[in-house]
Amino acid sequence: MNIILFSRKQVIHRPEQLSKMLNALTRLDVDYTINEDFAQDIEQLLHTTIDASHRFVGTIEAKGDDVVVTFGGDGTLLEAVGLLPNYNIPVVGVNCGRLGYLTVDDGSGVEELMERIVQRQLPTEQRDMLSVEGDIDCNAKCLALNEVAIHRHDATMITIEAFVNGNAVAKYHGDGLVISTPTGSTAYALSAGGPILDPTCRCFILAPLAPHNLTMRPIVVPNDNTITLKLSSRGGEAFLSADNRTYTLHDGASITLRLAHERLILATPHNNTFYDTLREKMMWGVDNR
């Protein structure tokens, strides 16, 4: 087993947490690798040296019995997911950010977390993903765990014509459109007025961004349907974002979205349910009267 540690430059780390993590890895005598940015932060904060054999740059190299541990927010976890060689590798997120719906571990017990990983005692759940095809140059298979969004490039309103299984749904005039998985229902789609979905739901959300027609509302469709989007940007360009990756779309582009064959294995170290996380993050149990 190899524990793959991943973080980003903008994440604010706690030196005591990093020290406990390294001590646990040494005590457990387990293999580990750290991405270059994270290794540099650890060296600076702990005044230590990470050997070259424990560092990596670029795509994550992992086998089936490895585990990826991210330190940061949901954005950090999503970036790590985009670097995975395949989706048979569990990912667990330690939350160093603010909200965090995917990074459910707060890092207070990072030593225990490492122990449970080595002992293979982490419960996991599978999360659906979106597959993106069409007039997009992504140089590889394009997948999204949270959402795919098409949004305007400048001040000009765009139009997106949406079809579900070939049936016309609507022409969305405005800033764009978000197509969300249940996992992403607490992300971009939520800010667009979409519903919160249990991650086990088998559906997608179509949520318009600042629609020019006030009767436009988010809709939920079964995830065994094919969603087709046709862009009209008045001769200009627009952007397509798949989680934290952004691509340019040209006027007239057609995009097809389907349920991906791949599913992410998300580790949930504390057995927190989705509803536990909602109550905590949304502060639904707090009486502010």
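Data block above holds the structure.
Residues numbered from 1 in each chain as written. Predicted model: local features only at pLDDT ≥ 70, side-chain atom pairs only at ≥ 80, totals over all residues. Heavy atoms only, no water.

## Structural notes on helix 1 (residues 15-28)
No. 1: Counted at 1.5 Å a residue, the expected span for helix 1 with its 14 residues is 20 Å, and the 20 Å between its end C-alpha atoms agrees.
No. 2: Those residues of helix 1 that sit buried are Gln-17, Leu-18, Met-21, Leu-22, Ala-24 and Leu-25. All buried residues of helix 1 project into a common sector of 160° when viewed along the axis, lining one side.
No. 3: In the core, the buried residues of helix 1 are packed alongside strand 1 (2-7), strand 2 (31-35), helix 2 (36-46), strand 4 (67-72), strand 5 (91-95) and helix 4 (110-118).
No. 4: One or two positions beyond helix 1, positive phi appears at Asp-29, with a value near 55°. (Helix = DSSP H or I, 4+ residues; strand = E, 2+ residues; numbered from the N terminus. Expected span 1.5 Å × (residues − 1). Buried < 20%, exposed > 50% of the residue type's maximum accessible area, 1.4 Å probe, protein only. Arc of directions from axis to C-beta. Contact = heavy atoms within 4.5 Å.)

## Let's talk about the side chain of Thr-76
No. 1: Here Thr-76 is to be found in helix 3 (residues 74-81).
No. 2: In this structure Thr-76 comes out as buried when scored by relative accessible area, which is 1%.
No. 3: At a separation of 3.2 Å, a polar atom in the side chain of Thr-76 contacts the side chain of Arg-8.
No. 4: Those residues in contact with Thr-76 that lie beyond four places of it in its chain are Phe-6, Ser-7, Arg-8, Val-11, Thr-70 and Phe-71. (Polar contact = N/O pair within 3.5 Å; in protein donor to acceptor, adjacent residues only side chain to side chain.)

## As for unusual backbone geometry
No. 1: A positive phi angle, near 45°, is found at Ala-210, a position not held by glycine.
No. 2: With respect to the element layout, Ala-210 can be found in the loop between strand 12 (203-209) and strand 13 (219-222).

## Comments concerning helix 6 (residues 274-282)
Think of an α-helix as turning once every 3.6 residues; residues three or four places apart then point the same way.
No. 1: Looking at helix 6, one finds that the buried residues are Phe-274, Thr-277, Leu-278 and Lys-281. Angularly, the buried residues of helix 6 cover 100° about the axis, an arc narrow enough to put them on a single face.
No. 2: Along its buried surface, helix 6 packs onto strand 5.
No. 3: Just past helix 6, the residue Met-283 takes up positive phi, approximately 55°.

## Section: the packing of helix 1 against helix 4
No. 1: Running from amino to carboxyl end, helix 1 crosses helix 4 at an angle of 30°, the nearest separation of the two axes being 8 Å. Classified by the interaxial angle, the pair formed by helix 1 and helix 4 is roughly parallel. The element helix 1 and its partner helix 4 pack so that their crossing is right-handed. Seen from helix 1, the contacting residues are Gln-17, Lys-20, Met-21, Ala-24, Leu-25, Arg-27 and Leu-28; seen from helix 4, they are Val-110, Glu-111, Met-114, Glu-115 and Val-118.
No. 2: Tallied by class, residues from the contact of helix 1 with helix 4 come to seven nonpolar, one polar and four charged. (Axes fitted to C-alpha atoms, helices over the stretch in contact; angles between N-to-C directions. Parallel < 35°, antiparallel > 145°, perpendicular 65-115°, else oblique. Left-handed = near helix turned anticlockwise from the far one by under 90°. Nonpolar A, V, L, I, M, F, W, Y, C, P; charged D, E, K, R; others polar.)

## So, the packing of aromatic side chains
No. 1: For the coordinates displayed, the defined rule picks out two aromatic pairs.
No. 2: With 5.4 Å between their ring centres and 45° between their planes, Phe-38 and Phe-71 make a pair best called tilted. Taken together, the residues Phe-38 in helix 2 and Phe-71 in strand 4 connect sequence positions 33 residues apart. (Phe/Tyr/Trp six-rings, centres within 6.5 Å; stacked < 30°, edge-to-face > 60°.)

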